[in-house]
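Residue-level listing of the chains:
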2 protein chains.
Amino acid sequence: MLCHMNGIMFYPLLEEAGDFINSSVRGKKLIICIGLFSVEYLGRSSSNLGLGERVLMVKEDGSVLVHRRVGYEPVNWQPAGCIIRCGVRDGKLLLLSERRRPKEFLKVVFDKVYLITSTSLVDEARFEIGPVENEFYDLLMAHPEYIEEGLRIVSRQKSMPSGIPDFTGKDSKGNYVIIEVKRSMAGVDSVKQLDRYMKSQRGHFRGILCAPSITKSALLILKKKGYDFRRLNLKALSSLVAFKPYEETLDRHLEEGGS
Amino acid sequence: MLCHMNGIMFYPLLEEAGDFINSSVRGKKLIICIGLFSVEYLGRSSSNLGLGERVLMVKEDGSVLVHRRVGYEPVNWQPAGCIIRCGVRDGKLLLLSERRRPKEFLKVVFDKVYLITSTSLVDEARFEIGPVENEFYDLLMAHPEYIEEGLRIVSRQKSMPSGIPDFTGKDSKGNYVIIEVKRSMAGVDSVKQLDRYMKSQRGHFRGILCAPSITKSALLILKKKGYDFRRLNLKALSSLVAFKPYEETLDRHLEEGGS
DNA sequence: CGTGCCAGGTGCCAT
DNA sequence: ATGGCACTTGGCACG
């Protein structure tokens, strides 16, 4: 019918929908179904969702998603690797998804199916994400100037009695510094963490907390303890890993606006 | 066209699809779109996903989901509350989703749209889940012997300067105790949490960390600090609440089988 | 709005 | 498999 489409049905009989689902599961297709149904879940926890109109998605790897009108998260789900069974019982279309470990069950009971479609998606693209975690520290390690001009990194993730600070280093004036880095806004916890490392040190050390931003209360405590905050320019740092194109296009498109 | 369906289009021109999306967004409909597109994300992190066939879902609350062939999780997303803009630029259909705080952007660039549909879902059902969180603590409150024999709960979720411990109580020997409960395996974080509460207290207190299990390193720190670990028997605790009905119906359906 | 903390968290990589 | 930890974690409740 459609390119890449296995098929689509409007208002199928429940039997038809059941057959459609079973053949789609066997054929490793992605199923999207809009209908009126209820959902039960039993496993690590348990849940019950009465009748309502929702979207059901079943993927070829056995993962199942139930989406309501709103919310980023599915109201119920089953991760990849589950066994799907489907059929009509007592005038309702049942879809059961069983997870082996941990033992979990998801049951979808259809009263009506409004629309059901199954497709084979061709998607070989690699998902690139970054800079994240290690890559992020790699970047800072290679470019300590993004923390502070003239800084030289001495050690990274060195174990200390009180924990593991992200970096130790030497600043442009020859002072030893201990550096705690946060990828998102630093809070009171971050200051405490730095403080622990500092307290376990003998001799003169500077303490630096480096993050894209910091909460007011955290900055207050930080200052009082005589440590320094260094704003981390995430955008500039990101630009080092050749993600520029995106940013530019994004900005450009945003300026040009849509609709 | 269809009951509850606002519309559906197969292989629309990109301009048509853009108009369709814009009117659906204005009309607070749920949009599902299967097409060939690429995705870029920029915000707390950044990501890039080249051309491929995927499913895009846009909900009335502004949340956006991009699903690939496999995997329970969306490859890219935007949570509720985002501003959606859409239009054709340079022969491609762009969909931009902007989040205000934190500042984050998601850009979807369509080469082709295979299928697009928008619907108004009627769904007033209440989602019931349990025993979770409160119910769980209710149970422990009513049955403190599952934490420790002879324990008497004194307070629950009492605010303290350093946070809110789950319980305070008095043990069989008359010692005051502070109790931190975890529903899943306790980690180093859990110990730290308990430690914070303990340190903010004057006078003699016992500290108890109660969880189904605990990581080795967490137990080490816990012992060193002189606190106690109490194994929580989740199964026994769960058996106190009657969620059997679900289990039975589920089992029955599973036995009867589908397909 | 920040802070703290749970979640059916999920996923990844170590042992 | 299990442990340990990061995540664009998201979400909620509370000061």
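The numbering scheme is per chain: residues are counted from 1 as the chain's sequence reads. Written order decides the labels, with chains lettered from A and ligands numbered from 1. Totals for whole chains, interfaces and linings use every residue, but because this is a predicted model, local features are given only for residues with pLDDT of at least 70 and side-chain atom pairs only at 80 or more, for both listing and counting. With hydrogens and water stripped out, all remaining heavy atoms of the structure feed into the side-chain values.

Overview of the overall build of chain A
In step 1: For chain A, the helix and strand inventory stands at six helices and 14 strands.
In step 2: In this scheme, a residue with accessible area under 20% of its type's maximum is buried, one over 50% is exposed, and one in between is partly exposed, where area comes from a 1.4 Å probe on protein chains only. Residues classed as buried in chain A amount to 52% of the 259 residues present.
In step 3: Within the structure as shown, chain A displays about 12100 Å² of accessible surface, and the carbon and sulfur contribution to it stands at 51%. Helix and strand definitions here come from DSSP, where helices need a minimum of 4 consecutive H or I residues and strands a minimum of 2 consecutive E residues; each element is numbered from the N-terminal end. Computed with a 1.4 Å probe, the accessible areas rest on the Shrake-Rupley method; for each residue, only the protein chains presented here act as cover.

Here we look at the protein's contact with DNA strand D
In step 1: Throughout, the term near means that a residue has one or more heavy atoms lying within 4 Å of the molecule or strand in question. Lining the immediate environment of DNA strand D, one finds 19 residues, of which Arg-101 and Arg-183 of chain A together with Tyr-41, Asn-76 and Thr-215 of chain B sit closest.
In step 2: The side chain of Asn-76 of chain B places a nitrogen or oxygen atom 2.9 Å from a base oxygen of DNA strand D.
In step 3: Side-chain atoms alone can form a polar contact between residues adjacent in sequence; in general such a contact is a pair of N or O atoms within 3.5 Å, and within protein one must be able to donate a hydrogen while the other accepts it. In the environment of DNA strand D, a base oxygen lies 3.1 Å from a nitrogen or oxygen atom belonging to the backbone of Trp-77 of chain B.
In step 4: Looking at the surface near DNA strand D, the elements that each hand over two or more residues are β5 (76-78) and α4 (216-224) of chain B.
In step 5: Nonpolar residues are Ala, Val, Leu, Ile, Met, Phe, Trp, Tyr, Cys and Pro. Charged residues are Asp, Glu, Lys and Arg, and all others, Gly as well, are polar. Here the residues of the surface near DNA strand D are counted per class, giving seven nonpolar, four polar and eight charged.

Observations regarding the packing of aromatic side chains
Residues and elements named next belong to chain A.
In step 1: Think of it this way: a Phe, Tyr or Trp ring, Trp meaning its six-membered ring, pairs with another when their centres are within 6.5 Å, and the plane angle makes it stacked under 30 degrees, edge-to-face over 60, tilted otherwise. Under the definition given, this model contains nine aromatic pairs over all chains.
In step 2: The interplanar angle of 40 degrees and the centroid separation of 5.9 Å between the aromatic rings of Tyr-176 and Phe-205 together place this pair among those described as tilted. A residue pair is termed long-range when its members are at least 10 positions apart, and Tyr-176 in strand β12 (residues 176-181) and Phe-205 in strand β13 (residues 205-211) qualify at 29 residues.
In step 3: Residue classification places Tyr-176 among the partly exposed residues on the basis of a relative accessible area of 40%.

Some thoughts on the environment of Gly-207 of chain A
Residues and elements named next belong to chain A.
In step 1: The topology assignment puts Gly-207 in strand β13.
In step 2: On the accessibility criterion, Gly-207 (2% relative accessible area) is buried.
In step 3: Through-space distance from the C-alpha of Gly-207 to that of Cys-86 is 61 Å; in sequence the pair is 121 residues apart.
In step 4: Leaving out residues up to four positions away in the same chain, Gly-207 has contacts with Ile-178, Leu-194, Met-198, Tyr-227 and Asp-228. Throughout, a contact is declared for two residues whenever any of their heavy atoms are within 4.5 Å.

Brief notes about the packing of helix α3 (residues 188-199) of chain B against α4 of chain B
Residues and elements named next belong to chain B.
In step 1: Remark: α3 packs on α4, axes separated minimally by 8 Å, with the N-to-C direction vectors making an angle of 25 degrees. Judged on the interaxial angle alone, α4 and α3 are roughly parallel. Residues Val-188, Val-191 and Leu-194 of α3 touch α4, and the partners they reach there are Ser-217, Ala-218, Ile-221 and Leu-222.
In step 2: Within the contact of α3 with α4, the residues separate by chemical class into six nonpolar, one polar and no charged. Angles run from 0 to 180 degrees between N-to-C directions of axes, and those axes are lines fitted to C-alpha atoms, restricted for helices to the stretch in contact. To sort the angles, those under 35 degrees are grouped as roughly parallel, those over 145 as roughly antiparallel, those from 65 to 115 as roughly perpendicular, and the leftovers as oblique.

Quick notes on the sheet that holds strand β13 (residues 206-211) of chain B
Residues and elements named next belong to chain B.
In step 1: What makes two strands pair is DSSP finding at least two bridges between them. Taking strand neighbours across the sheet as the criterion, the five strands line up as β10-β11-β12-β13-β14 in an open arrangement whose pairing is mixed. On the outer flanks of this sheet lie β10 (152-156) and β14 (228-231), each paired with one strand and no other. The mean inter-strand angle of the sheet, taken between neighbouring strand axes irrespective of direction, is 30 degrees.
In step 2: Looking at chain direction, β10 and strand β11 (residues 167-170) are connected through four bridges and run antiparallel. Along β11, the bridge assignment pairs Arg-152 with Lys-170.

Thoughts on helix α1 (residues 14-26) of chain B
Residue and element names in this part refer to chain B.
In step 1: Expected helix span is given by 1.5 Å per residue-to-residue step, counting one fewer step than there are residues. Taking 1.5 Å of rise per residue, the 13 residues of α1 would be expected to cover 18 Å, and the 18 Å separating its terminal C-alpha atoms lies within 8% of that figure.
In step 2: Listed in full, the buried residues belonging to α1 are Leu-14, Ala-17, Gly-18, Phe-20, Ile-21, Asn-22 and Ser-24.
In step 3: After α1 finishes, the residue Lys-28 shows a positive phi value of roughly 55 degrees.

Quick look at the domain arrangement of chain A
In step 1: For chain A, the assigned domains are domain 1 (5-119) and domain 2 (134-238).
In step 2: Domain extents, as shown, originate in an automatic or database domain assignment. Computed from C-alpha coordinates alone, the two centres of domain 1 of chain A and domain 2 of chain A are separated by 49 Å.

What about the side chain of Ser-47 of chain B?
All names here are of chain B.
In step 1: Residue position: Ser-47 is located in strand β3 (residues 46-58).
In step 2: Residue classification places Ser-47 among the buried residues on the basis of a relative accessible area of 0%.
In step 3: Among the polar contacts made by the side chain of Ser-47, one reaches the side chain of Asn-76 at a distance of 3.0 Å.

Notes on the pattern of salt bridges
Residue and element names in this part refer to chain A.
In step 1: Basic side-chain nitrogens of Lys or Arg form a salt bridge, by our definition, when they fall within 4 Å of a carboxyl oxygen of Asp or Glu. Per the counting criterion, the structure on display carries 32 salt bridges over all chains.
In step 2: Among the salt bridges present, the one from Lys-103 reaches Glu-98, with a minimum N-O distance of 3.1 Å.
In step 3: Residue class for Lys-103 comes out partly exposed when judged on its relative accessible area of 47%.
In step 4: Among the charged side chains, a salt-bridge network with shared partners connects Glu-148, Asp-171, Arg-206, Asp-228 and Arg-230.

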